[in-house]
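Architecture at a glance
The primary structure of each chain is shown beneath.
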Amino acid sequence: MVEAFNYSQELKQYLHRIIRRVDGLYAIIVSDRDGVPVIRAATENVPELALRPGFLATFSTGTDQASKLGLSRNKAIVSMYTSYQVVQLSKLPLILSFVASSQANTGVLLGLENELSDLLKDIKAAVDITVSQ
Amino acid sequence: MGCCCSSEDEKLSQDGDPDERTRLILPNPVSNSQVNHSDSYGSVPSSIAQQADEQSALSRILMQTANNVIDVSAIETHMVEQHEYIDRATQYSSRLTSICHSASVLNKLHRPALLVDVPALDRVLSAEPISASDLQFIRNTSDHAAAAMRKVVVTHKEDLVVNFGIP
Amino acid sequence: MEEALDKVLDDTMNMPGVTGVLCTDKLGLCLGARGNAPAHSSGLIATLANHAKALEANAEAPPIVCLESDSGNILIRAKDGITTAIYKVPSGP
């Protein structure tokens, strides 16, 4: 069980390493479509409201509606605010969310999708079985 | 109208007037053959069957349109309640920790270092860093690219908000 | 809208030794890519240019970053918010 517990910790540490590596990145959240977090890593700079499920879940509606715009399925939505930016990617049944400063490099955040794809496959296996229960 | 030989699928109503045979959507083979079959049984049952078919076709169209329409005011948001949130969050984290982890899975997270030893290091470091022509080339190209981006302007062609032509 | 930029990218590709070219904005969003320059690397290229600029904050001209490898060089320069990267085989002095 000690080894099993370490997996979650290892994941969090890995996410924190990424946060340290990218200038201006404050939080990485992997959640389900309702915004309930599966795993997340955040620094103290992140606005707490951005971590709430009600906020993250707006992406589910947004991506569904955006898929109707005639450009085929929506993959990602970038929301720019005065001080922050939120980059959310649709990795059904999961949502991958990044909360960063508005000056952070959006291209790098979008590029993190490739880097985290292996990790997301593992997490998806965990969530899928839970969701179908 | 009233003729047992029904019109072919592809042939649209020639006179342009919609009659009871005019399809709103291209019929699928099943429903079409049903109508053809019931035609030969007399007028009353066939018209009822036809009505039922048209009703289902109409409701299908309605459902399809409703699915494609973006109606911001009608969006239902399912707010997760506190207890459900806590339940699911603990379920996920216990589910995560119960995944069987072999060493290889954890090793995937530790990528190998990108830097490798370069042989003949002094030769590499003392070589000419970059030629003057290359320097000039990148300077010119980036100046041209910046100038090209300044030419990007938004031209107003059509109105953004239009009204549907509902009489 | 982007005709002028497309022309610059195409003209650059036609120069001898060039294998790829890419343009990005300050936020790392790719404006155009040709040849072997991958569009998804736009974020990293913009970051490199930004960090190099930070090394010498008072410089008049923006710096040129050169990544050397066996297969070729990548030349990166940012000007007026647009970062351009050229992938080419090194030409003689």
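Residues numbered from 1 in each chain as written. Chains lettered and ligands numbered in written order. Predicted model: local features only at pLDDT ≥ 70, side-chain atom pairs only at ≥ 80, totals over all residues. Heavy atoms only, no water.

**Details of the confidence of the model for chain B**
Residues and elements named next belong to chain B.
- Per-residue pLDDT for chain B has a mean of 73; in total, 63% of the residues score no lower than 70.
- Summarising per-element confidence for chain B, the mean pLDDT is lowest in helix α1 (residues 29-39) (46) and highest in helix α6 (residues 132-150) (94).
- The model gives residues 29-41 a pLDDT under 50, and that stretch makes 14 contacts with residues more than four places away or in other chains. (pLDDT = per-residue confidence, 0-100. Helix = DSSP H or I, 4+ residues; strand = E, 2+ residues; numbered from the N terminus. Contact = heavy atoms within 4.5 Å.)

**Regarding the sheet that holds strand β4 (residues 84-91) of chain A**
- Sheet architecture is open: 5 strands sit in the order β2-β1-β5-β4-β3 (chain A), paired in antiparallel fashion. Whereas interior strands pair on both sides, the edge strands pair on one side only; in this sheet they are β2 (37-42) and β3 (76-80) of chain A. Recorded for the sheet is a direction-independent mean angle of 10° between the axes of neighbouring strands.
- Here 5 bridges tie strand β1 (residues 25-32) of chain A to β2 of chain A, and the two strands are oriented antiparallel to one another. Bridge pairing links A27 of chain A to A42 of chain A in β2 of chain A.
- On top of the sheet, helix α3 (residues 58-66) of chain A reaches β3, β4 and β5 (94-101) of chain A; it is set at about 65° to β4 of chain A, its chief contact.
- In the packing of helix α3 (residues 82-97) of chain B onto the sheet, the strands contacted are β1 and β2 of chain A, and the crossing angle to β2 of chain A comes to about 85°. (Pairing = 2+ DSSP bridges. Axes fitted to C-alpha atoms, helices over the stretch in contact; angles between N-to-C directions.)

**Focus on the interface of chain B and chain C**
- Listed by partner, the interface residues are 22 residues for chain B and 24 residues for chain C.
- Where chain B abuts chain C, roughly 2,000 Å² becomes buried across the two surfaces, and 72% of that area is made up of carbon and sulfur atoms.
- Of all residues in chain B, F137, I138 and M149 of chain B bury the most surface against chain C, accounting for 28% of the area lost on that side.
- Applying the counting rule to chain B against chain C returns 4 salt bridges.
- A salt bridge links K79 of chain C to D143 of chain B; its shortest N-O distance comes to 3.1 Å.
- Run the count over chain B and chain C and you get 6 residue pairs in polar contact (both at pLDDT 80 or more).
- When the residues that make up the side of chain B that touches chain C are grouped by side-chain class, the tally is 12 nonpolar, 5 polar and 5 charged. (Buried area = accessible area lost by both parts, 1.4 Å probe. Salt bridge = Lys/Arg side-chain N within 4 Å of Asp/Glu carboxyl O. Polar contact = N/O pair within 3.5 Å; in protein donor to acceptor, adjacent residues only side chain to side chain. Nonpolar A, V, L, I, M, F, W, Y, C, P; charged D, E, K, R; others polar.)

**Observations concerning the packing of aromatic side chains**
All names here are of chain A.
- All chains considered together, the criterion is met by 1 aromatic pair over all chains.
- Ring centres of Y26 and Y84 lie 6.1 Å apart, and the angle between their planes is 75°; on these two criteria the pair is classed as edge-to-face. Of this pair, Y26 sits in strand β1 while Y84 sits in strand β4, and the two are 58 residues apart along the sequence.
- Among the residues examined, Y26 registers a relative accessible area of 17% and is labelled buried.
- Exposure remark for Y84: the relative accessible area of 29% places this residue in the partly exposed category. (Phe/Tyr/Trp six-rings, centres within 6.5 Å; stacked < 30°, edge-to-face > 60°. Buried < 20%, exposed > 50% of the residue type's maximum accessible area, 1.4 Å probe, protein only.)

**Some details on the nonpolar core**
- The biggest cluster of nonpolar side chains holds 35 residues, and the ones touching the most others in it are L25, I28, F98, L116 and I123 of chain A.
- Counting only elements with at least two residues in this core, the list comes to α1 (2-21), β1, β2, β4, β5 and α4 (106-132) of chain A together with α3 of chain B.
- For I123 of chain A, the contacting residues outside a window of four places in its chain are L11, V30, V38, I39 and L94 of chain A together with L96 of chain B.
- In terms of nonpolar packing, the next biggest core, distinct from the first, is built from 14 residues, A145 and A148 of chain B together with V18 and I86 of chain C among them. (Core = buried A, V, L, I, M, F, W, Y, C linked by side-chain atoms within 4.5 Å.)

**Quick word on the pattern of salt bridges**
- This structure, assessed with the given rule, holds 16 salt bridges over all chains.
- Here R88 of chain B ties to D32 of chain A by a salt bridge, and the two come within 2.6 Å at their closest N and O atoms. With R88 of chain B in helix α3 and D32 of chain A in strand β1, the pair connects residues from two separate chains. Residue R88 of chain B shares its accessibility class with D32 of chain A, and that shared class is buried.
- What emerges from the salt-bridge pattern is a single network uniting D32 and D34 of chain A together with E84 and R88 of chain B.

**Comments concerning the sheet that holds strand β1 (residues 18-24) of chain C**
- With respect to topology, 5 strands assemble into an open sheet ordered β2-β1-β5-β4-β3 (chain C), the strand pairing being antiparallel. Unpaired on one side and paired on the other, β2 (30-35) and β3 (64-69) of chain C mark the two borders of the sheet. Between one strand and the next, the sheet's axes are offset by a mean angle of 10°, whatever the strand orientation.
- The strands touched by α6 of chain B are β1, β2, β3, β4 (72-79) and β5 (82-88) of chain C; relative to β5 of chain C, the strand with the most contacts, the crossing angle is about 140°.

**Describing a nonpolar patch on the surface**
- Residues L69 and L71 of chain A together with I70 and V72 of chain B make up a contiguous nonpolar surface patch of about 440 Å² in total accessible area.
- The topology assignment puts L71 of chain A in the loop between α3 and β3. (Patch = residues over 30% accessible without salt bridge, like charges linked within 9 Å, V, L, I, M, F, W, Y side chains within 5 Å. Areas by Shrake-Rupley, 256 points an atom, 1.4 Å probe, with all protein chains shown as cover.)

**Overview of the confidence of the model for chain C**
Residue and element names in this part refer to chain C.
- A residue-level look at chain C finds 98% of positions with pLDDT of 70 or above and a mean pLDDT of 91.
- Mean pLDDT across the elements of chain C ranges from a minimum in β3, with 91, to a maximum in β1, with 96.
- Scored by ipTM, the complex comes to 0.91, with pTM at 0.77.

**Describing helix α2 (residues 42-55) of chain C**
- With 14 residues, α2 of chain C should reach 20 Å at 1.5 Å per residue; the first-to-last C-alpha distance of 20 Å fits that figure.
- For α2 of chain C, the set of buried residues is S42, G43, I45, A46, A49 and A52 of chain C. (Expected span 1.5 Å × (residues − 1).)

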